[in-house]
Structures are given as C-alpha cells and as structure tokens.
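The chain contents come next:
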Amino acid sequence: MSAPHVEQLLSRRHFVIGSSALAAAAFSGGLWGCASGEPLGSTGAPASPEQNIADIVLYNGHVQTMVSESDVASAVAIAGNKIVYVGDDSGIDAFVGDNTQVIDLDGKFVSPGFMDGHIHAPGNWFNSLFQIDLTGLTTNEEYLEATRSFVEAHPDEEGYIGATFMLNAYQLPDGSNPGPKKEDLDAICPDKPMLIHDVSYHAAWVNSKALEMAGVTADTPDPEGGLFYRNENGEPSGCVSDAAKGIVFAIMPNTMTNDKLEQAMYKFMEEANSYGITGITNITQGGFDIIDMYHKVEDEGNLTLRMRVVPTMREDCTFDEVLSVIKSYNDSATDMISSNTVKIFYDGVTESGTAVMLEPYLESTGLGKDWCGTPVWPQEDFNRLVRDFDAEGIQVHVHAMGDGAVHGTLDAYEEARATNGERDARHTITHVCAITDEDIQRMADLDVVANLQFLMMYHDALMDLERAYVGDERAMAMYPVKHLAEAGICISGSSDAPVIPFVPLDAIEAGVTRNSPYPGEEDTDMTRWPEQGLTAYQVLEACTKNNAYQNFMDDIIGTVEVGKFADLVVLDTNILEVDAKAISDTRVVYTISDGRIVYEG
C-alpha cells in the first residue's frame, strides 16, 4: 500500500504564559472495553470490509488505544464519524477505497482526542474580541494604560468589563495584599460602572460607580462566601471577591450576547483543535439559552468539540429554575452536545482568602486571627441542593478548593447517597487543592471523581499568592494526586481556562514532573511536591478516557475502539516513552473530531 508521507510538522508550542497566540489551523469539512481488529457493523455484528470502506485510514503508527497501557495497534480506519477498524497494518488494506484518504503515520503516536473536564468556553476569546483585555500584562501601570485605551476607543458603552489582572501586582512586603484601588479606575471612567476580573475570575477590580450602583458602602457587611477589600477607613477599596464580586457584577450591563459568543466560540474551537482537544466539559458563560448557540453551530456542521454543557447553580437562581434548564438541555441532547450535570460552588480560592480551610489563614493576610473562609452556601442549604439534584438523577460537579470545602462536599455526597440510594452518579469535585488523608479514603469510598488541573501543580505565580495566605508548608502540600490515584479515585484532567492555559501537552508534562513545562523554567526547580507526580500514561488517561467517564461518554469516546466515534489526536512523538521534559515540545500533527480532520499542523 502506498501513501503520501506526512509533511514536516509545524511547531506545536502555540501557548506561552500570558499569551494565546494561535498558529494557522486548517479546517475540513464501557470505559475499560477491549480493542478489536475485527470491523463491526452498526448493530455490533461482524460486517464485511466492503460495508466499511473508510474515509480516512491511518497506518504505520503507534496507536495507544487507552483500553489498557499494553493495548497498542498500528492502524485505524474511519468511516463517516465512526472507527471501523483498529489493528495491525496487515488488515487495513481491505478498508481502502478509491476516495479514502490514506495517511502513513511513519511511527507517529495516536490516542483518543484530548478532553478538558472543566473549562469555560469560549474563555478569553470573548474578552479579547469585545472587552478590556489585560492578557500578558503584569503591572498596575500596564493595566491602566490598556483600560484607558479601550475606554477611549469605545466611548458609547454603558459600562466596561475586562480581564485579567494578577493580584500579585499588589502584594506588599509584609505579606498582605490590599488589591487594586477603585480610585485608579475612577480617574479613567467616573460615571459608568467598571469591573475587571482577576486571573482566577474569583476576584474583580471595580470603580466607585459600580460600588454605588450595587449599593455597597462602608456599612455593607461581607456576604457569606465573599469579601469586600477595605481601605484604612473601612470603605470598600475597589477589590471584591467571590460572593461580593457577584453583588457588583449583578449591576453590570450584559454585553455577552449569543452572537458575540458564537464569534468567540469559533476562535476558541480553532485554538482548542490545534492543541489536540476534541471534547470539553463546558462550564457555561452567558445565559441559560446559550445551548441554542451551540446547537446552531452543530446544525451548520461546524461544531468541532464534543461537549457536556454544565449550567451553574447560582445564588440568584432557584433549584426549580436550574432543574428546568438542565431538563431542557437534556431534551435537545445529541451525540455532540449533552448535559445532565450541574455545577455548584462550595467556596472560593486560596489566593483571595475565600477557600474554606480546616485550619486558619495566616494572620498576616489581615483577615483575622481565626479566619478559615466561609462557604458560598450554608451547609444545610448546600446539602439540600446536592441531595435534590441527586434525587433527580443529575450529576453534581462541585468547585471545592480548601480541605474544609472538600470535607463539606463529601458530607453532602454522603448524605445524598444515604437518602437516595447508591447509583452510578459520577459526582465530581473539581480542584481538590487540599484534602485530608481521611477524606481521600472517603472520596474513594463514595466513587467521587477528582477533576484536577495539572498546570496548577507546580510553583507558579499563583502558588506565591497561596503561600502568602497559608504559608509555605501548606501551599507546598497541595494537590496530593498520587495519593488520590493510589486510593483508587478516578482522576480526570482539566484546565479551568481561562484561569490557566488549556494546552493538554503542557499539562501532561506538569502532571508528571510537578514542575513548569515552559522554556526557561522547566530546567529550574519550580516543583511543588514532586513525589506526587503521576506517570505519563496516568495523566494521558486523565485527559482522555477518564474525562469520557466523568461525562458519561465512555460508551462512545475515550478509547480507540471499533464502533466508537472517531475523536483522535496524532502526535509526532510517543509521549509515553520520551523524557518527561520533552512532552511539551511534542507537535500535534492531526486532530480528528467526529471523523473530520479539523486541524493539520
């Protein structure tokens, strides 16, 4: 069999810290099952090769099926959007017809397409297209210059929203952090509300007009699960976090229309495909009608990311409202777009002092001697939400950063199981930055999925903020991933973008080394608890089949098997065999989504 040799590849590293530059991309238009070299028909019965003449054939490669670490093939055939053959090269000829695209992999690596188990699409693309964009800037002066330029260029806006600044820019030598000041924004725009998100999207910088419109004064108490940063006079100083941010954000003009989101989504998909991503757990931005936009893109044949769409249970919504939304999402579900999951916040983030901890934050933070953070929801209300969603058969996906938040979430999952009975719920906790040994075992016993962000697991700028709030020892002891894996917990991988970059190959390297994957840093010691690193196969598993499991998609994707949808990535390097520091240098050659080549590098 003859086939064109795969061309020399383009450099993969499209994403560096503070940048989302995208190289050119070309568009064209059971979890532990066993791989098989025998083609199957649509009913699962053996079918003749003539019934499965392939549209795409890949051969002469290393196909890591992810059924098990030792399950490897060399060839894959795709007919329509399904895999019709997985096996050795000798069996592939029968699937080649006159119009088959035949690709000689020349030893390249194939796996299921990468999936991101917790991401906010379209992320910073909406911001870069339509709002104040501080991406890549690091100082207060740079933030103000970019903000002023945007306001001057858009004088007719009702208000201004932007992202993202780093709280590190306001860190003081004594360890305290007053955050940015409202007066700096007042000097740019005193008569319209302004709100700029920090990199975590848990804090925001606001001007006096925004505080005024929200009714926030010196007498306004901090809400449960949130903080108003205050100046020496006790007045709100211009930085708000979590529930306090929600109070101000509620008065901001709504600029996030579905038409704008659709424009940003196309940019996001293009970038995601260039990284080998074929599926996401999309913690939605915008209104509850956003799923209509996704179906529009799908109906036009342009959706290149298989997604589970997850609405958030916000404090300003009722249980019945969110339940109704999820049921409506379920009614319109397709193979590309599914739902039946709700996200709930338990706490905030460590670097704002709003993650719920079992032990107090440092006194130097200025939060008080015994400050451990407060939950977004009172525990009784949180338990009831989890119990009631579980009773409706809905998967619950909880944001829990601190060990106190993880503990409280497990209490709720435990109560739901005791009340409603045990089922295949696949309830999830995302982040799990800190957790006790006892709760690791409890998490395993309750079959809770740990959705983790591997690019948060090394000593980066955010960890410096965490150290300032909880001290070196506690910050260095975060993300005990190996302990979680050894307990038998299913670990899925994600980015939480736009909080951090969503490049899976960078994340896989960091998950192995617990060090920075970036040039100029990966040869230095930026490690955080390196003994907790996983093997490359374990992290790849987290970024493929374990995410499929988390999303109840393990019957249709997540492994390279006959009968499953053809969501694949082709890499120029076997990332399971190279030195770990070379993983992030690997190039994406092809990304195949639903049987279509959607990226070619």
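Residues numbered from 1 in each chain as written. Predicted model: local features only at pLDDT ≥ 70, side-chain atom pairs only at ≥ 80, totals over all residues. Heavy atoms only, no water.

> Tell me about the side chain of aspartate 104, residues and numbers included.
Tracing the sequence through the fold places aspartate 104 in strand β6 (residues 101-104). Put simply, aspartate 104 is tucked away with no salt bridge, and the nearest opposite charge, on lysine 108, sits 7.4 Å away. A distance of 2.9 Å separates the side chain of aspartate 104 from the side chain of asparagine 60, its partner in a polar contact. At a separation of 2.9 Å, a polar atom in the side chain of aspartate 104 contacts the main-chain amide nitrogen of aspartate 106. (Helix = DSSP H or I, 4+ residues; strand = E, 2+ residues; numbered from the N terminus. Buried < 20%, exposed > 50% of the residue type's maximum accessible area, 1.4 Å probe, protein only. Lys, Arg positive; Asp, Glu negative; His and termini not counted. Salt bridge = Lys/Arg side-chain N within 4 Å of Asp/Glu carboxyl O. Polar contact = N/O pair within 3.5 Å; in protein donor to acceptor, adjacent residues only side chain to side chain.)

> Explain the sheet that holds strand β14 (residues 236-242) residue by residue, including any values.
Spatially, β9-β10-β11-β12-β14-β13 is the arrangement adopted by the 6 strands of the open sheet, whose pairing is mixed. Because the sheet does not close on itself, it has two edges, and the strands there are β9 (132-133) and β13 (226-230). As paired strands, strand β11 (residues 194-198) and strand β12 (residues 203-206) are joined by 3 bridges and run antiparallel to one another. Bridge pairing in β12 links histidine 197 to alanine 204. Across the sheet, helix α2 (residues 140-153) is in contact with β9, β10 (160-165), β11 and β12; its angle to β10 comes to roughly 155 degrees. (Pairing = 2+ DSSP bridges. Contact = heavy atoms within 4.5 Å. Axes fitted to C-alpha atoms, helices over the stretch in contact; angles between N-to-C directions.)

> Tell me about the sheet that holds strand β25 (residues 596-600), residues and numbers included.
Sheets are built from strands paired through backbone hydrogen bonds, the pairs being either parallel or antiparallel. An order of β3-β2-β7-β23-β24-β25 is seen for the 6 strands of this open sheet, with the pairing classed as mixed. Of all the strands in the sheet, just β3 (72-73) and β25 have a single pairing partner and so form its edges. When strand β7 (residues 109-112) meets strand β23 (residues 568-571), the two strands line up antiparallel, connected through 4 bridges. Its bridge partner lying in β23, serine 111 is registered against valine 569.

> Mind laying out the packing of helix α9 (residues 379-391) against helix α10 (residues 403-420), listing which residues take part and the relevant values?
Across the interface, α9 lies against α10 with an axial gap of 9 Å and an inter-helix angle of 45 degrees. The angle between α9 and α10 falls in the class oblique. Both α9 and α10 take part in a crossing whose hand is right-handed. Together, Gln379, Phe382, Asn383, Val386, Arg387, Asp390 and Ala391 of α9 and Gly408, Thr409, Asp411, Ala412, Tyr413, Glu415, Ala416, Thr419 and Asn420 of α10 make up the contact between the two elements. The residue makeup of the contact of α9 with α10, split by class, is 6 nonpolar, 6 polar and 4 charged. (Parallel < 35°, antiparallel > 145°, perpendicular 65-115°, else oblique. Left-handed = near helix turned anticlockwise from the far one by under 90°. Nonpolar A, V, L, I, M, F, W, Y, C, P; charged D, E, K, R; others polar.)

> Explain the packing of aromatic side chains residue by residue, including any values.
Think of a pair of aromatic rings as described by two things: how far the centres are apart, and how the planes are tilted against each other in angle. Scanning the entire structure with this criterion turns up 13 aromatic pairs. Both rings, one in phenylalanine 150 and one in tyrosine 160, keep their centres 6.3 Å apart while their planes meet at 90 degrees; by these two values the pair is edge-to-face. Taken together, the residues span a long stretch of sequence, with phenylalanine 150 in helix α2 and tyrosine 160 in strand β10 at a distance of 10 residues. You'll find phenylalanine 150 and tyrosine 160 in the same group, each marked buried. Taken together, the aromatic side chains of Tyr143, Phe165, Tyr170 and Trp205 make up a single cluster linked through ring pairs. Positioned above the aromatic ring of phenylalanine 565 is the side chain of lysine 82, whose terminal nitrogen or guanidinium carbon lies 4.9 Å from the ring centre. (Phe/Tyr/Trp six-rings, centres within 6.5 Å; stacked < 30°, edge-to-face > 60°. Lys NZ or Arg CZ within 6 Å of the ring centre and 35° of its normal.)

> Tell me about α2, and name the residues and values.
Compared with an ideal rise of 1.5 Å per residue, which puts 14 residues at 20 Å, α2 spans 20 Å between its outermost C-alpha atoms and is within 8% of the ideal. Among the residues of α2, Asn140, Tyr143, Leu144, Thr147, Phe150 and Val151 are the ones counted as buried. Viewed along the axis of α2, the buried residues span an arc of 130 degrees, placing them on a single side of the element. Seen from the buried face of α2, the exposed residues on the opposite side, beyond 90 degrees, are Glu141, Glu145, Glu152 and Ala153. (Expected span 1.5 Å × (residues − 1). Arc of directions from axis to C-beta.)

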